[in-house]
Structure formats: C-alpha cells, structure tokens
Amino acid sequence: MDRTVIAYVIYLAVSIGLTVWVARTLSRNGRVFLSDVLHGNEKLADAVNHLLVVGFYLVNLGFVALYLSDDETITNARGIFEALSTKLGVVLLVLGVMHLGNVYVLNKIRRRGLMEREQVPPVPPQGWVAPTAGA
C-alpha cells in the first residue's frame, strides 16, 4: 500500500476520533452551563446543546475532509510522521478555536442574562413608608 494512503487513513482515523471525543466532552460538560445560560430551561438547553454539537461536527469534519489532500508524495516513514504532525496539529488548533468561540458566545449570553436578573428588584415595591422622626 502507498505510504500516502497510509498517512491519509491514519489522519482520518485520528482526526475523526478527536472530533468525536471533543464534541462528546463539550456536550456532556456544556449542558450544565447551557442550563444556567437559559435560566434552568432543561428542554431548551438540551435542544441548543444538540444543535451546537451538530454544527461542531459539520464544521470540523468538513475541515478535516478539505484538509485531507496533499500535493507531496510521501516516500518514507519520516514523511508519514511529518505529514501527520502538520495535519493533526492544524486540526487540533481548529478544534481549540471552535471550542473557545463557543465558550465566548455562551459566556456573553450568560453575562447578559445575569445583568438582566440584577436589574429586576428581588421584591416588588409594596408601597411608600414615611420616614420616622427619630431616624
């Protein structure tokens, strides 16, 4: 089998494995965060979480597929490692940027919700009380 094909197979296996692992980790651990952002609405948090995971898969697997081709022919084992390190490094960077982008957007939404909660008084006003003479 051609060494270039071997490198492609290893690249696809590792990239897809990393993408699935990161998506599952983000989905599992991000659910609590989404629930807080969405004020405890569990059903909406699950729906948003699922949509984020689908988008994450589409973007990352699309990038992995587009980044698969290589113009150079790999002639030895060293070439396999060099090609894989470059390709997998870029995939890991893209996964990290996607994760940070998701966290940034969700944090902005969460902060906006916290600001809205702080502007509402905890108890609605019941009326006016005149100040006492001794105060």
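Residues numbered from 1 in each chain as written. Predicted model: local features only at pLDDT ≥ 70, side-chain atom pairs only at ≥ 80, totals over all residues. Heavy atoms only, no water.

**Points about the packing of aromatic side chains**
Where we set the bar: Stacked, tilted and edge-to-face are the three classes applied to pairs of Phe, Tyr and Trp rings, where Trp contributes its six-membered ring and a pair requires centres within 6.5 Å; stacked means planes under 30 degrees apart, edge-to-face means over 60, and tilted covers the rest. A ring has a charge above it when a Lys NZ or an Arg CZ is no more than 6 Å from the ring centre and no more than 35 degrees off the ring normal.
For the coordinates displayed, the defined rule picks out one aromatic pair. Judged by centre distance (5.4 Å) and plane angle (15 degrees), the rings of Phe63 and Tyr67 are stacked. It is Lys87 that lies over the ring of Tyr11; its NZ or CZ is 5.6 Å from the centre. A cation sits over an aromatic face here: Lys87 above Tyr67, 4.5 Å from the ring centre.

**Observations regarding helix H1 (residues 3-37)**
Helical periodicity: at 3.6 residues per turn, an α-helix aligns residues three or four positions apart in one direction. Test applied: Only DSSP runs of H or I covering at least 4 residues are called helices, and only runs of E covering at least 2 are called strands; the numbering of each starts at the N terminus. Expected helix span is computed as 1.5 Å times (number of residues minus one). We define the bend at any residue as the angle between the axes fitted to the seven residues before and including it, ending there, and the seven starting there.
Its 35 residues give H1 an end-to-end C-alpha distance of 48 Å, which sits within 8% of 51 Å, the value for a rise of 1.5 Å per residue. Along H1, the helix axis deviates most sharply at Gly30, where the bend reaches about 45 degrees. Within two residues after H1, His39 carries a phi angle of roughly 60 degrees, on the positive side.

**With respect to the confidence of the model for the protein chain**
Detailed conclusions should not be drawn from predicted coordinates in areas where pLDDT is low. Spelled out, the test is: Each residue carries a pLDDT score, the predictor's confidence in it, ranging from 0 to 100.
Within the protein chain, residue pLDDT values average 83, and 93% of them lie at 70 or more. The least confident element of the protein chain, judged by mean pLDDT, is helix H3 (residues 77-119) at 83; the most confident is helix H2 (residues 42-66) at 89.

**Topic: the packing of H1 against H2**
Short version of the rule: To get an axis, a line is fitted to the C-alpha atoms, and for a helix only the part in contact is used. The angle between two axes follows their N-to-C directions and goes from 0 to 180 degrees. For classification purposes, angles smaller than 35 degrees are called roughly parallel, those larger than 145 roughly antiparallel, those between 65 and 115 roughly perpendicular, and all remaining angles oblique. By definition, turning the near helix anticlockwise from the far helix through less than a right angle yields a left-handed crossing, and turning it clockwise yields a right-handed one. Classification convention: Asp, Glu, Lys, Arg as charged; Ala, Val, Leu, Ile, Met, Phe, Trp, Tyr, Cys, Pro as nonpolar; all other residues, Gly among them, as polar.
Close contact between H1 and H2 brings their axes to 9 Å; oriented N to C, the two are set at 160 degrees. Taken together, the axis directions place H1 and H2 in an arrangement best described as roughly antiparallel. Between H1 and H2 lies a crossing of right-handed hand. Among the residues making up the contact of H1 with H2, the classes are represented as 17 nonpolar, six polar and four charged.

**Details of the nonpolar core**
Stated formally: Put simply, buried Ala, Val, Leu, Ile, Met, Phe, Trp, Tyr and Cys residues joined by side-chain atoms within 4.5 Å make one nonpolar core. For each residue, the accessible area found with a 1.4 Å probe, counting protein chains only, is set against the maximum for its type, and the residue is called buried under 20%, exposed over 50%, and partly exposed in between. Whether two residues are in contact is decided by their heavy atoms: any pair within 4.5 Å suffices.
By size, the foremost hydrophobic cluster in this structure holds 14 residues, and its most contacted members are Tyr11, Phe56, Ile74, Ile80, Leu84, Val91 and Leu95. Put simply, the parts of the chain that give this core at least two residues each are H1, H2 and H3. The element best represented in this core is H3, accounting for six residues. Once residues within four sequence positions are removed from consideration, Val91 is found in contact with Tyr11, Ser15, Phe63 and Val64.

**A closer look at the environment of Thr4**
Inspection of the secondary structure assignment puts Thr4 in helix H1. Overall, Thr4 belongs to the buried group, its relative accessible area being 9%. Sequence separation between Thr4 and Leu34 is 30 residues, and the spatial gap between their C-alpha atoms is 42 Å. Residues within four places of Thr4 in sequence aside, it is in contact with Glu72, Thr73 and Ile74.

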